[in-house]
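# Observations on the three-dimensional arrangement
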Amino acid sequence: MKIYWIPAQAPMRVLALIKHLGVEAELIRIDAEAGGLHTPEYKALNPNRKAPTLVDGDLVLFESAAIMAHICIKAGSDLWPTENLAEQVEVLRWLSWNEGHWVGAVGPWYIEHIVKKTFNMGPPDAEVLKKAEKNCVKYAKVLDAHLEGKDFVAANRLTIADFSLASMARYWREAEMPFADFPNIIRWLAGLEQIPAWKNPWPEDKAA
Ligand SMILES: N[C@@H](CCC(=O)N[C@@H](CS)C(=O)NCC(=O)O)C(=O)O
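Residues numbered from 1 in each chain as written. Predicted model: local features only at pLDDT ≥ 70, side-chain atom pairs only at ≥ 80, totals over all residues. Heavy atoms only, no water.

### Points about helix α3 (residues 64–75)
Counted at 1.5 Å a residue, the expected span for α3 with its twelve residues is 16 Å, and the 16 Å between its end C-alpha atoms agrees. Taken as a whole, α3 has its buried residues at Ser64, Ile67, Met68, Ala69, His70, Ile71 and Cys72. Tucked into the core, α3 has its buried residues touching β1 (2–5), α1 (9–21), β3 (53–56), β4 (59–62) and α6 (160–169). Following α3 by one or two positions, Gly76 adopts a phi angle in the positive range, close to 70 degrees. (Helix = DSSP H or I, 4+ residues; strand = E, 2+ residues; numbered from the N terminus. Expected span 1.5 Å × (residues − 1). Buried < 20%, exposed > 50% of the residue type's maximum accessible area, 1.4 Å probe, protein only. Contact = heavy atoms within 4.5 Å.)

### Structural notes on the domain arrangement of the chain
Along its sequence, the chain is organised into domain 1 (2–77) and domain 2 (85–196). A C-alpha centroid distance of 21 Å is found between domain 1 and domain 2. Residue-level contacts link 15 residues of domain 1 with 17 residues of domain 2. In total, about 1,300 Å² of surface goes out of reach between domain 1 and domain 2, with carbon and sulfur atoms giving 67% of it. The largest contributions to the domain 1 side of the interface with domain 2 come from Gln9, Met12 and Arg13, which together make up 39% of the buried area. (Domains from an automatic or database assignment. Buried area = accessible area lost by both parts, 1.4 Å probe.)

### Some details on the environment of Ile195
By the secondary structure assignment, Ile195 is in the loop between α7 (183–192) and α8 (196–199). Taking the C-alpha atoms as reference points, Ile195 and Ala16, separated by 179 residues in sequence, lie 9.5 Å from one another. With residues up to four places along the chain from it excluded, the contact list for Ile195 reads His20 and Leu158.

### A look at the site of the ligand
Near the ligand you find 13 residues, and of these Ala10, Lys50, Ala51, Glu63 and Ser64 are the closest. The separation between an oxygen atom of the ligand and a polar side-chain atom of Lys50 is 2.6 Å. In the environment of the ligand, a nitrogen atom lies 3.5 Å from a nitrogen or oxygen atom belonging to the side chain of Glu99. Relative to its free-state accessible area of 520 Å², the ligand is covered by the protein chains to the extent of 73%. Spatially, the ligand is embedded in the largest pocket. Within the shell around the ligand, the residues separate by chemical class into seven nonpolar, two polar and four charged. (Near = heavy atom within 4 Å. Polar contact = N/O pair within 3.5 Å; in protein donor to acceptor, adjacent residues only side chain to side chain. Areas by Shrake-Rupley, 256 points an atom, 1.4 Å probe, with all protein chains shown as cover. 1 Å grid on protein atoms, 1.4 Å probe; cavity = no way out; pocket = protein on both sides within 12 Å on 5 of 7 lines; lining within 4 Å. Sits in = over half its atoms within 2 Å of the grid points. Nonpolar A, V, L, I, M, F, W, Y, C, P; charged D, E, K, R; others polar.)

### Description of the side chain of Asn98
Along the polypeptide, Asn98 turns up in helix α4 (residues 85–118). Once residues within four sequence positions are removed from consideration, Asn98 is found in contact with Arg13, Val103, Ser164 and Leu165.

### Quick notes on the layout of surface pockets
In this structure, the largest pocket spans a volume of roughly 660 Å³. If you trace the largest pocket, you find 27 residues lining it, with Ile6, Gln9, Ala10, Lys50 and Ala51 closest to the centre. For the lining of the largest pocket, the secondary structure elements donating two or more residues are α1 and α4. Here the lining of the largest pocket gets five residues from one element, more than from any other, and that element is α4. Split by residue class, the lining of the largest pocket holds 16 nonpolar, five polar and six charged. (Points joined across faces, edges and corners; volume = space filled by probe spheres on them.)

### Quick word on the sheet that holds β4
Across the sheet, which stays open at both edges, the four strands sit in the order β2-β1-β3-β4 with mixed pairing between neighbours. Of all strands in the sheet, those bounded by a partner on one side alone are β2 (26–29) and β4. If you compare each strand with its neighbour and ignore which way they point, the axes differ by 15 degrees on average. Judged from the four bridges that link them, β1 and β2 form a sheet pairing that is parallel. In the strand pairing of β2, Tyr4 is matched with Ile28. Its contacts with the sheet put α1 on β1 and β2, and the angle it makes with β1 is roughly 140 degrees. The strands touched by α3 are β1, β3 and β4; relative to β4, the strand with the most contacts, the crossing angle is about 135 degrees. (Pairing = 2+ DSSP bridges. Axes fitted to C-alpha atoms, helices over the stretch in contact; angles between N-to-C directions.)

Printed below as a string of structure tokens:
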């Protein structure tokens, strides 16, 4: 199994999962700054020109949620529930909510503070973040209310939904995300940091 990655939040979800499960995989770091996502070879695997991409025999997958589900099924892990289908639907709900709402809500902070710093793209744009605040607060309220009395997003245990929803939000302090009024989100993120593979998801050769 090969996993193509760059030092960014979507591939990080997959790297954390394989480390957490102890799954063997060949990890191939792409040099995004040198155009590695835009080569004809990589475009043939992932026409979106994004990371991560998984190659497992004849199977080629993009989208981190699908990749994580595939890895769990192969490893026999219930981080993607396959026995309790009500749990599976619950995880799917939050994975969908993540891509449909949460990524757009916290993404501006992640991009302005973390992506720009990682890839040497200049300082954060305060105007962009000012405009994004209302949307972020709207969805943070939804997540914070959902997490009242819970340590995990779905199924009362760790699932791939936690890794997906937390992959940008974990940078909330450094990225100055407006979470001060959302103690359940902050508590949930702090709890995930206790998981060794989440705390350090990167392979040894991550220099960023
Ligand atoms: N929904 C996709 C998102 C993939 C994505 O946007 N990847 C980013 C890194 S977080 C990327 O490859 N960015 C490089 C670029 O846009 O040039 C997933 O979950 O896999």
